[in-house]
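Structural overview for review
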Amino acid sequence: MLTNSAQTGQMGEPLAGSIAVGTPGISASPLLAEFSSPKAGQGTELSTEVPQTEKPIEKLARLDMENSNNMPHVGERRKDKRDHLTKNPRAETRTACYLIPTQREVSEIALIDINLADLSGIRPKESHELLSRQAGGVRSIGYTKDDLSNCLRDMRKEAMEYGAAVAITKYFEKRTSENSFFQHFEDITENEEIANILWMDGRMLAAYARFGEVVIFDTTFGTNNEKWALGTFVGFNNFREIVIFGAALMCDQSTESFAWVFTKFLEANGDKRPITMFTDQDHAIGKALGQDAYTLGIRSTQSSESINSDLKDYLSCKMDINRFMKHFDRVVDAKREKEIKSEYDMTRKKPRVRYSIPILCEAGMLYTPNIFELFQKECELSGSTYMESIEGNTYTVGMYNISDEEFRKSRQVVWNRDDQSIACSCKKFERVGILCCHAIKVLDREDIKNIPPRYILKRWTQYANDEIVVDREGRVVIEDAMLEVRNRHAQLMRELAPISDMVTHDEGKTQFVLNGLRSLREQVEERYGNPSKRTNDCGEDNSISQLENSLHLKKKDGDNRSKRRKPWNENLSRRKKGNGPSISNSQPLIRPSANSSQDISEENFGCNDNLETI
């Protein structure tokens, strides 16, 4: 308690107006009385000892400074000055002040974080929690979860403001500006409707050039609220993992749409045709397997099932076309990350060679781990084979101790010593691309300790991705054109993060850094401009309006029919009538339209679910 013995009254009670005595221009006010004459149990006690020689004006300045330092924070009030015997005092903190609309604002930087979280598949609730923790708490973030959801809604609405066709066009323009090897095609009808879309980037072009002998085209996944079908061109890379060669959005699954997509796909890849091509609706899969076609060991549509499983993890049929295109990129990136991890693991781990024989040691140095395991299995099976007969350069190889009767059949192997060519009647190499156990048995019989070079397919080796790929215009394809951009971004973030850690605990330092960053941003915008700023002078809005008036997506047949959503009481009354089966047990009545793709595809694009997978 600050008191002055010369200015105290009876019982040591300080005089309320004593601080103003002898001080011209200062009157005894209730505010001064609050600081100079607190009663017992009231006010703020100051433990600082005051010199006896302190002047009144100095005392007033000191108390004012101490009072400002003890000012309540946002949402708080002063300590209760009422009698300490009050039974139900008011709360010292007002907890809802940060919810006042005038106190809430989603800044431009926050919009970037919200958009990044959305592109990463983080839902609004988790996104708000993450950004709140990053900002130091819910009260510090400056906006609520509902504000975040509203911002996402507005951004999505703005992206689709001029229709799906314009959104797709803008997406393709952005991707092309980032990577000059990005290619896209639009099938535009006479009515200026986009009927089909095909696109691929540089990595897809390079992957097809290296691993495009066998291609599977799958259209089983329904993707977006436009009800278009997603078609993916996929195959196997050197790790025997799924790799994407291209993607298409199709308004329908008619013969004309398939023909257009396939033609443009070949055109984008320099008219390089695959050896074998499957579709998810093709009866020819079974026929091709019966004819020992080159399939890389694909005995079913397991590749389609794998890519569909990934699509379900990232995509939803409720997405608009703009969100779908961006989230489909996440599927592609996930596949590529898996391939990069496989390459990394291959450099860190050596294959486990169970038998120290030269041909296996060579295979372990050449093949990727997955392919080496397949080859090592064939070497093990060769130990269960025996020579039934030898006639010239033709060997009949039998097998025993095998439960599969079909596998125990004898095979004829033709070996040519002059050019070291070998061919087996099982056609394992012609189908999968690795030598079979029968051929390995003959090579061992002929004392050949290494794999003949012609039977080492580069597509299965560790060096398959070293091949330089040239696009249809003769340019060397740069697979990751944005790599340098990402590296520069990471470098800037590494420099900014330590600065943030150093200053965030001090308001003055934080303001100093923020002022410097704002000044730097103004200098950058003044010198290089702001490409993200939309102005009428750039002509962007005019071009969008032209696209809006001239181009739109083609509607699927039957989409114009609107179906009234029945209220709950109508469904309830229907169940109560009991005149027929309940809604949940009723069987849908299918009436395919005359233009339905089912009539077209029954003959050429069937379905075969009885095939097995190795």
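- For the chain, the name recorded in an unreviewed UniProt entry is SWIM-type domain-containing protein, with Rhynchospora breviuscula as its organism.

As for the overall build of the chain
- From N to C terminus, the chain includes 21 helices and eleven strands.
- In the chain, which comprises 614 residues, the share counted as buried stands at 36%.
- Relative to all contacts within the chain whose residues are 6 or more apart in sequence, the contacts with residues 24 or more apart total 61%.
- When the accessible surface of the chain is totalled, it reaches about 38500 Å², and 50% of it is carbon and sulfur.

Observations regarding the packing of aromatic side chains
- Within the structure shown, the criterion is met by 15 aromatic pairs.
- Ring geometry for Tyr208 against Phe245: centres 5.5 Å apart, planes inclined by 80°, an arrangement best described as edge-to-face. On the criterion of sequence distance, the pair formed by Tyr208 in helix α8 (residues 202-211) and Phe245 in strand β5 (residues 242-250) is long-range, its members being 37 residues apart. Neither Tyr208 nor Phe245 differs from the other in exposure class; each is buried.
- Residues Tyr367 and Phe375 carry aromatic rings whose centres are separated by 5.8 Å and whose planes lie at 55° to one another, so their mutual orientation is tilted.
- When its relative accessible area of 1% is taken as the criterion, Tyr367 is described as buried.

Quick word on the sheet that holds strand β9 (residues 411-416)
- Strand order in the open sheet formed by four strands is β7-β8-β9-β10, with antiparallel pairing between adjacent strands. Where the open sheet ends on each side, the last strands, each with one partner, are β7 (385-391) and β10 (421-424). For this sheet, the mean inter-axis angle between neighbouring strands, taken without regard to orientation, is 25°.
- Where strand β8 (residues 394-399) meets β9, four bridges bridge the pair, whose relative direction is antiparallel. Bridged to Thr396 within β9 is Gln412.

Focus: empty space enclosed by the protein
- Counted under the stated rule, the structure contains two cavities of 30 Å³ or more.
- In this structure, the second largest cavity spans a volume of roughly 60 Å³.
- Along the walls of the second largest cavity sit Ile422, Ala423, Cys424, Lys428, Phe429, Glu430, Leu435, Cys436 and Ala439, which together make up its complete lining.
- Of all the secondary-structure elements, those providing two or more residues to the lining of the second largest cavity are β10 and α15 (428-431).

Some remarks on the UniProt feature "domain: SWIM-type" (unreviewed entry) in the chain
- Per the UniProt entry, the sites bearing "domain: SWIM-type" (unreviewed entry) are residues 411-447 in this numbering.
- Segment residues 411-447 splits into 35% helix and 27% strand. End C-alpha atoms: 20 Å apart.

Remarks on the pairing of β10
- In terms of strand pairing, β9 meets β10 through four bridges, oriented antiparallel. Paired with Asn416 across the bridge in β10 is Ser421.
- In textbook terms, the turn of a hairpin is the stretch between consecutive antiparallel strands, and for β9 and β10 this stretch comprises four residues, one of which, Gln420, has a positive phi near 55°.

Considerations on the state of the cysteines
- Inspection of every chain in the model, using the stated rule, returns zero disulfides.
- Free cysteine: Cys436, not disulfide-bonded; nearest cysteine sulfur from Cys426 at 3.5 Å.
- When its relative accessible area of 4% is taken as the criterion, Cys436 is described as buried.

Details of the nonpolar core
- With 87 residues, the main nonpolar core has Trp199, Phe375 and Leu435 as its most contacted residues.
- Sort the elements by how many residues they give to this core and β5 lands first, with eight residues.
- Counting seven residues, the second largest nonpolar core, distinct from the first, contains Ala110, Ile114, Leu131 and Leu148.

Structural notes on the side chain of Asn237
- By the element assignment, Asn237 lies in the loop between β4 (229-236) and β5.
- According to the relative accessible area criterion, Asn237 is buried, its value standing at 1%.
- Here Phe239 takes part through its backbone nitrogen, which lies 3.0 Å from a polar atom of the side chain of Asn237.

Topic: the environment of Tyr400
- With respect to the element layout, Tyr400 can be found in the loop between β8 and β9.
- Looking at Tyr400, the relative accessible area reads 38%, which means it is partly exposed.
- C-alpha of Tyr400 to C-alpha of Thr385: the two residues are 15 residues apart in sequence and 6.5 Å apart in space.
- With residues near it in sequence (within four places) discarded, Tyr400 still touches Gly383, Ser384, Thr385 and Tyr386.

A look at helix α16 (residues 437-445)
- Along α16, the residues that are buried comprise Cys437, His438, Ala439, Ile440, Val442 and Leu443.
- Turning to α16, the residues buried within the fold contact α14 (369-382), β7, β8, β9 and β10.

A short note on the packing of helix α13 (residues 358-366) against α14
- Axis separation between α13 and α14 bottoms out at 10 Å; the angle between their running directions is 170°. Relative to α14, the element α13 is oriented roughly antiparallel. Residues Ile359, Leu360, Ala363 and Gly364 of α13 form the contact with α14, whose participating residues are Phe372, Phe375, Gln376 and Cys379.
- Classifying every residue of the contact of α13 with α14 by side-chain character gives six nonpolar, two polar and no charged.

Considering the pattern of salt bridges
- Applying the stated criterion across every chain, the model contains 24 salt bridges.
- Salt-bridge contacts for Arg354 lead to Glu380; the nearest nitrogen and oxygen are separated by 2.6 Å. One end of the pair, Arg354, is in the loop between α12 (321-348) and α13; the other, Glu380, is in helix α14, and 26 residues separate them in sequence.
- Residue classification places Arg354 among the partly exposed positions, given a relative accessible area of 36%.

Thoughts on unusual backbone geometry
- Positive phi values are uncommon outside glycine, yet Asp271 reaches one of about 60°.
- Under the relative-accessibility criterion, Asp271 is labelled exposed at 59%.
- A positive phi angle, close to 60°, is found at Lys427, a residue other than glycine.
- Tracing the chain through its elements places Lys427 in the loop between β10 and α15.
- For Lys427, a relative accessible area of 35% puts it in the partly exposed group.

Rules used in this analysis
- Residues numbered from 1 in each chain as written.
- Predicted model: local features only at pLDDT ≥ 70, side-chain atom pairs only at ≥ 80, totals over all residues.
- Heavy atoms only, no water.
- Helix = DSSP H or I, 4+ residues; strand = E, 2+ residues; numbered from the N terminus.
- Buried < 20%, exposed > 50% of the residue type's maximum accessible area, 1.4 Å probe, protein only.
- Contact = heavy atoms within 4.5 Å.
- Areas by Shrake-Rupley, 256 points an atom, 1.4 Å probe, with all protein chains shown as cover.
- Phe/Tyr/Trp six-rings, centres within 6.5 Å; stacked < 30°, edge-to-face > 60°.
- Pairing = 2+ DSSP bridges.
- Axes fitted to C-alpha atoms, helices over the stretch in contact; angles between N-to-C directions.
- 1 Å grid on protein atoms, 1.4 Å probe; cavity = no way out; pocket = protein on both sides within 12 Å on 5 of 7 lines; lining within 4 Å.
- Points joined across faces, edges and corners; volume = space filled by probe spheres on them.
- UniProt positions renumbered as here; feature names shortened; annotations may be inferred.
- Disulfide = S-S within 2.5 Å.
- Core = buried A, V, L, I, M, F, W, Y, C linked by side-chain atoms within 4.5 Å.
- Polar contact = N/O pair within 3.5 Å; in protein donor to acceptor, adjacent residues only side chain to side chain.
- Parallel < 35°, antiparallel > 145°, perpendicular 65-115°, else oblique.
- Nonpolar A, V, L, I, M, F, W, Y, C, P; charged D, E, K, R; others polar.
- Salt bridge = Lys/Arg side-chain N within 4 Å of Asp/Glu carboxyl O.

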